[in-house]
Amino acid sequence: MIGAPLELLLSPWAMGVFGLAIGSFLNVVIFRLPAMLERQWWSDVASQLRDKDSFRRTFSAEAPPGLDQAGSALRRTIGALGTLNLVKPGSRCPACGHDIRWHENIPVLSWLRLHGRCSACGAKISARYPLVELSTAALFALVAARFGAQPVTLLYCAMVAVLLSLTLIDWDTTVLPDVLTLPLLWAGIAAAALGWLPSVTLPAAIWGAIAGYLSLWSVYMLFKLVTGKEGMGFGDFKLLAALGAWLSWQAVLPIILMASVLGAVVGIAMKMQGALREGRFVPFGPFLAGGGLAVLLLGLPAILDWIGWA
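Just so we're clear, the structure is a prediction, and the values are computed from it rather than from any experiment. (Residues numbered from 1 in each chain as written. Predicted model: local features only at pLDDT ≥ 70, side-chain atom pairs only at ≥ 80, totals over all residues. Heavy atoms only, no water.)

## Comments concerning the packing of aromatic side chains
- Taken as a whole and judged by the stated rule, the model has 7 aromatic pairs.
- On the basis of an interplanar angle of 50° and a centroid distance of 6.0 Å, the ring pair of Tyr156 and Trp246 is categorised as tilted. Pair noted here: Tyr156 is in helix 7 (residues 151–173) and Trp246 is in helix 10 (residues 234–247), with a separation of 90 residues, a long-range link. The same class applies to Tyr156 and to Trp246, which are both buried.
- Pairing Tyr220 with Phe237 gives two aromatic rings, centres 5.4 Å apart and planes at 65°, and the pair type is edge-to-face. With Tyr220 in helix 9 (residues 202–227) and Phe237 in helix 10, this pair connects stretches of sequence that are 17 residues apart.
- Accessibility expressed as a relative area gives 4% for Tyr220, which makes it buried.
- The class for Phe237 is buried, based on a relative accessible area of 0%.
- Here a set of aromatic residues connected by ring pairs shows up, and it is made of Tyr213, Tyr220, Phe234 and Phe237. (Phe/Tyr/Trp six-rings, centres within 6.5 Å; stacked < 30°, edge-to-face > 60°. Helix = DSSP H or I, 4+ residues; strand = E, 2+ residues; numbered from the N terminus. Buried < 20%, exposed > 50% of the residue type's maximum accessible area, 1.4 Å probe, protein only.)

See the structure below:
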């Protein structure tokens, strides 16, 4: 009697519908989290500008006149912006400020009904919003089909949601926020420690995290020593460490290989089309996340066989 409801709730169709709702929330995370972090960074700057002792310790010099006033003015400006988190303010049109009502916020359907435009001002609403919702639904359904009516399906869906958020945040901002990568890392280790991940033991998760972090950190340091430039951000190390924790140390090199090949192909294509300006770079995080999703959905043995490492 208990198994039947569980099979229904964790079926691909049910998880797909659940994914639509989660995808709608992910749109909020992807859009607001970078802005929230930037506000926090500027707030930290304002605090440092007001702290003359901190300035003296950092620069070994006295703070110039007026620096504390600039910090106070910056803090007042930030305070005047109002509350911004994942809950407040409610969703609204960025063009006219129209508060989006519940029937205008139904995943995919509302966008189609409104023909991708604001009901108040007619401003265009990006197609990326329904695409994120559909992508989340498809990935949740694939996870459910892959792992069946098991609690681990919910764990992997949570992992997928975080990876999708990180992918689009990194693509937009070239930043992989610690507030997402670090909980993902520790959640993978904790899930392995509790025996919740099939075929991933606690030692495999720990060594996966170590291998993921140190592999890219080593490449970063070698590149910096040779060229004097930074080839990638520390967020990439943490993301691969998290993937290693969830998928085991054996998945680290296949993920790097797939991410490198796909990233090179996309980067060259963008360069040829003029979409990649001089001095800019393609963020590596989305391709790491893509490699991790491939291992999760296809299985590590299939990936190893495909690249000839079986």
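Read on for the rest.
## Topic: the packing of helix 7 against helix 10
- Taken N-terminus to C-terminus, the directions of helix 7 and helix 10 make an angle of 165°; their axes are 13 Å apart at the nearest point. Overall, the two elements helix 7 and helix 10 adopt an arrangement that is roughly antiparallel. Considering only the axes of helix 7 and helix 10, their crossing is left-handed. On the side of helix 7, the interface is formed by Leu155, Tyr156, Met159, Leu163, Leu166 and Asp170, while helix 10 contributes Asp236, Leu239, Leu243, Trp246 and Leu247.
- The residue inventory of the contact of helix 7 with helix 10, partitioned by class, reads 9 nonpolar, no polar and 2 charged. (Axes fitted to C-alpha atoms, helices over the stretch in contact; angles between N-to-C directions. Parallel < 35°, antiparallel > 145°, perpendicular 65-115°, else oblique. Left-handed = near helix turned anticlockwise from the far one by under 90°. Contact = heavy atoms within 4.5 Å. Nonpolar A, V, L, I, M, F, W, Y, C, P; charged D, E, K, R; others polar.)

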